[in-house]
Amino acid sequence: MLTRVALAWVWMLSLLPLPLHAALGNGFGRLLYAFGRERRRVCLINLARCMPELAAGEREALARRHFQAFARTLLERAILWWGSPARIRKLVRIEGMEHFEAVRAGPVILLAPHFVGLDMGGARLTMELDMVSIYSRQKNTVFDAVLYAGRMRFGRLMLLSRQDGVRPALRAMQAGRPFYYLPDMDYGRRDTIFVPFFGVNAATITGVSRLARLAGARVLPCITRMLPRGGGYVVRFHPAWENYPGASIEADTLRMNAFIEELVRQMPEQYLWVHKRFKTRPPGEAAWY
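Scoring rules and cut-offs
- Residues numbered from 1 in each chain as written.
- Predicted model: local features only at pLDDT ≥ 70, side-chain atom pairs only at ≥ 80, totals over all residues.
- Heavy atoms only, no water.
- Pairing = 2+ DSSP bridges.
- Helix = DSSP H or I, 4+ residues; strand = E, 2+ residues; numbered from the N terminus.
- Axes fitted to C-alpha atoms, helices over the stretch in contact; angles between N-to-C directions.
- Expected span 1.5 Å × (residues − 1).
- Buried < 20%, exposed > 50% of the residue type's maximum accessible area, 1.4 Å probe, protein only.
- Contact = heavy atoms within 4.5 Å.
- Disulfide = S-S within 2.5 Å.

Visitor: So what exactly am I meant to see when it comes to the sheet that holds strand β4 (residues 158-161) here?
Guide: Strand pairing in a sheet relies on backbone hydrogen bonds, with the paired strands running either antiparallel or parallel. The strand order across the open sheet formed by 7 strands is β1-β9-β8-β2-β5-β3-β4, and the pairing between neighbours is mixed. With one partner strand each, in any of the chains shown, β1 (92-95) and β4 form the two edges of the open sheet. Strand-to-strand twist in this sheet, taken as the mean axis angle between neighbours without regard to direction, amounts to 25 degrees. Across 4 bridges, β1 lies against strand β9 (residues 233-237) in parallel orientation. Bridge pairing links glutamate 95 to arginine 236 in β9.

Visitor: What is the right way to look at helix α3 (residues 37-50) in this model?
Guide: Each α-helix turn comprises 3.6 residues. Residues three or four places apart therefore point the same way. With 14 residues, α3 extends 20 Å from end C-alpha to end C-alpha; this agrees with the ideal 20 Å at 1.5 Å per step. Of the positions making up α3, those classed as buried are Val42, Cys43, Ile45, Asn46, Leu47 and Cys50. Packed against the buried residues of α3 are α4 (56-82) and α11 (249-266).

Visitor: Sorry, what's going on with the side chain of asparagine 257 here?
Guide: Relative to the elements of secondary structure, asparagine 257 occurs in helix α11. Judged by relative accessible area, which is 2%, asparagine 257 ranks as buried. Non-local contacts of asparagine 257, meaning those with residues more than four positions away in its chain, are made with Val195, Pro196, Phe197, Thr204 and Arg277.

Visitor: It is not clear to me how the state of the cysteines should be interpreted in this structure. Could you clarify?
Guide: Covalent bonding between the sulfur atoms of two cysteines is what defines a disulfide. Taken as a whole, this structure holds 0 disulfides when the rule is applied. Its sulfur unpaired, cysteine 43 is 10 Å from the next cysteine sulfur, which belongs to cysteine 50. Judged by its relative accessible area of 0%, cysteine 43 is buried.

What follows is the structure, given as structure tokens:
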């Protein structure tokens, strides 16, 4: 019942103008920071480990900005679920399409790290491209159904469960669907290696390198940036990586982490610091969280 009431409120949010969304998101983010003790703790631990050069007060200010950006994108997701196509095109602008056109004749992996605008960029791209992507089922069945329906609104997206494995995604790429791939979360020890991320050993899945090798795919970074003051979002294609895959899976995975780190430093408040990115530790190392 509570979930349905919450979704009704979210639907009402879809009718509000973008500047008001931004103001409400900032206020909601302040509340989340104040009362979300566990996620606040995770965020501050991540920032302390990854950005020790910042003073404690600077890291706290960055954490507060992150909670505001995270909350804003939660509220603006209502527009993705119920807004008109015209409004979503206005909300999210695409840049660098020429980089995609240069490689679209063959298999393509769209490297989409976990910045807060990730779903905004993904939804906007489904209005232009028939893609394949992977998602994790939500424990709440009502929310899971709404989330799934919202992601399937446009185009002919093939949305696979993480439990389906990579073979369906491989077949889809070989059939011409770009793979919108999110490779930078801690999924445990399976199919991962430890490589540095912000100078810290991070359990990192090797899927980008392995899939690029198996499918003969080009890797094209696809990054979504939230704009300030209710300005919407920009999803930008970067040039495809050259000489990738390289000499080894380890070198490829290190290259990926270094690339994501460079982007995070450009907009640090927008990276998903509330995720337990370093939950899996090397053998013998104490847990962080």
